[in-house]
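One-letter residues, chain by chain:
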Amino acid sequence: MTDQLLPLSLTNRTVHLCIDMQRIFSSEGPWATPWMERVVPIITEIAGRFPERTVFTRFITPAKPEDMPGMWRRYYQRWRETTRERIDPAFLELMPQLARFSPPAAVIDKTRYSGFVEPQLHAHLVERRADGLIVTGAETDVCVLATVLGAVDLGYRVIVVTDAICSGSDEGHDALLRVYHGRYSEQIETADAESVLRRWA
């Protein structure tokens, strides 16, 4: 897959949006994402370039399944051990390598896959007049997917960093990279971290 960065500047208003890089998705967590440890150093490099331009989201589970509507209730009945009445709260924290960047990096919590379902993320980006999003995190085919499509709907420039996203499903990850790069080629750019960092001055 070739890089697909448009000939547009990455500016001091371009935001690194890092999705759900939390211990719950690490190899020690109940929702283990095997590649997370592989992409953490790459995401750390991106976040470390401009921590003040980084926003981390955290996927926060409900206290109990009954706190959620509709099929989410069924979901958390299946994954009851991840609810806040059962799970060690440390698992909901960012990976330690990334947590050290906040502050100045912002942390915004969410309860659904998309970071844009709840208003805080969009409001934060509007307040800082974000002109583009460099997207990293977990998982390629779940929360990253939902957040990226939300960003597209809102008209943001979206750059998915291909070697800084991860999934618990190799098949899902590979399929979504093809979708991001091909199906949404007019609205989603794809590039590796080296290419992004070279352009983000």
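The structure this text deals with has already been given above.
Worth saying up front: this structure is predicted, and the values here are computed from it rather than measured. (Residues numbered from 1 in each chain as written. Predicted model: local features only at pLDDT ≥ 70, side-chain atom pairs only at ≥ 80, totals over all residues. Heavy atoms only, no water.)

Enquirer: Which residues make up the overall build of the protein, and what values do they have?
Expert: From N to C terminus, the protein includes seven helices and six strands. The C-alpha atoms of the protein give 16 Å as radius of gyration, which agrees with the globular expectation for 201 residues (17 Å, within 12%). Dimensions along the principal axes, computed over C-alpha positions, put the protein at roughly 50 × 35 × 30 Å. With 201 residues in all, the protein has 51% of them scored as buried. Summarising the internal contacts of the protein: among those between residues at least 6 apart in sequence, 78% fall at separations of at least 24. By element, 51% of the accessible surface of the protein is carried by carbon and sulfur atoms, the whole surface being about 9,300 Å². One way to put it: in the protein the 23 positive side-chain charges average out to a point 4 Å from where the 27 negative ones average out. (Helix = DSSP H or I, 4+ residues; strand = E, 2+ residues; numbered from the N terminus. Rg over C-alpha atoms; globule rule 2.2 N^0.38 Å. Buried < 20%, exposed > 50% of the residue type's maximum accessible area, 1.4 Å probe, protein only. Contact = heavy atoms within 4.5 Å. Areas by Shrake-Rupley, 256 points an atom, 1.4 Å probe, with all protein chains shown as cover. Lys, Arg positive; Asp, Glu negative; His and termini not counted. Charge placed at Lys NZ, Arg CZ, Asp CG, Glu CD.)

Enquirer: With reference to specific residues and values, describe the pairing of strand S4 (residues 132–138).
Expert: The element S4 is largely enclosed, with a buried count of seven among its seven residues. Side chains of S4 alternate between two faces, with Gly132, Ile134, Thr136 and Ala138 and Leu133, Val135 and Gly137 buried alike. Relative to strand S5 (residues 158–166), S4 is paired through five bridges, and the arrangement is parallel. Bridge pairing in S5 places Gly137 opposite Ile165. With helix H5 (residues 143–153) bridging S4 and its parallel neighbour S5, the resulting β-α-β unit is right-handed. (Pairing = 2+ DSSP bridges. Right-handed = clockwise from strand over helix to strand, strands pointing away.)

Enquirer: Before we move on, could you go through the nonpolar core and cite the residues and values that matter?
Expert: In terms of nonpolar packing, the biggest core is built from 66 residues, with Met21, Leu133, Val158 and Tyr180 touching the most fellow members. Top element by residues in this core is S5. It accounts for seven residues. (Core = buried A, V, L, I, M, F, W, Y, C linked by side-chain atoms within 4.5 Å.)

Enquirer: Talk me through H5; I want residue IDs and the actual numbers.
Expert: Taken residue by residue, H5 has Cys143, Val144, Thr147, Val148, Gly150, Ala151 and Val152 as its buried positions. Phi for Gly155, located one or two positions after H5, is positive at around 90°.

Enquirer: I'd love a proper account of the side chain of Thr44, names of residues and values included.
Expert: With respect to the secondary-structure elements, Thr44 resides in helix H1 (residues 36–49). Setting aside chain neighbours within four positions, we find Thr44 in contact with Gln97, Leu98, Arg100 and Phe101.

Enquirer: Describe the environment of Val196, naming the residues involved and giving the relevant values.
Expert: By the element assignment, Val196 lies in helix H7 (residues 193–199). Residues Val196 and Ile134, spaced 62 residues apart in sequence, show a C-alpha to C-alpha distance of 8.2 Å. With residues near it in sequence (within four places) discarded, Val196 still touches Leu5, Leu10, Ile134, Ile159, Val161 and Ala191.

Enquirer: I'd like to hear about unusual backbone geometry, residue by residue, with values.
Expert: For residues other than glycine, phi is negative in most cases, and the peptide bonds are mostly trans. Pro103 follows Ser102 through a cis peptide bond whose omega is -10°. Locating Pro103 in the fold gives a position in the loop between helix H3 (96–99) and strand S3 (106–110). The step from Pro103 to Pro104 runs through a cis peptide bond, and the omega angle for that step is 15°. Along the polypeptide, Pro104 turns up in the loop between H3 and S3.

Enquirer: So what about the pairing of strand S6 (residues 188–191)? Which residues, and what values?
Expert: Of the two faces of S6, the one carrying Ile188 and Thr190 and the one carrying Glu189 and Ala191 are both buried. Summarising the sheet, S5 and S6 pair through four bridges and their orientation is parallel. Bridging from a neighbouring strand, Val158 pairs with Ile188 of S6. Viewed along the sheet, the connection from S5 through helix H6 (residues 170–183) into S6 turns out right-handed.

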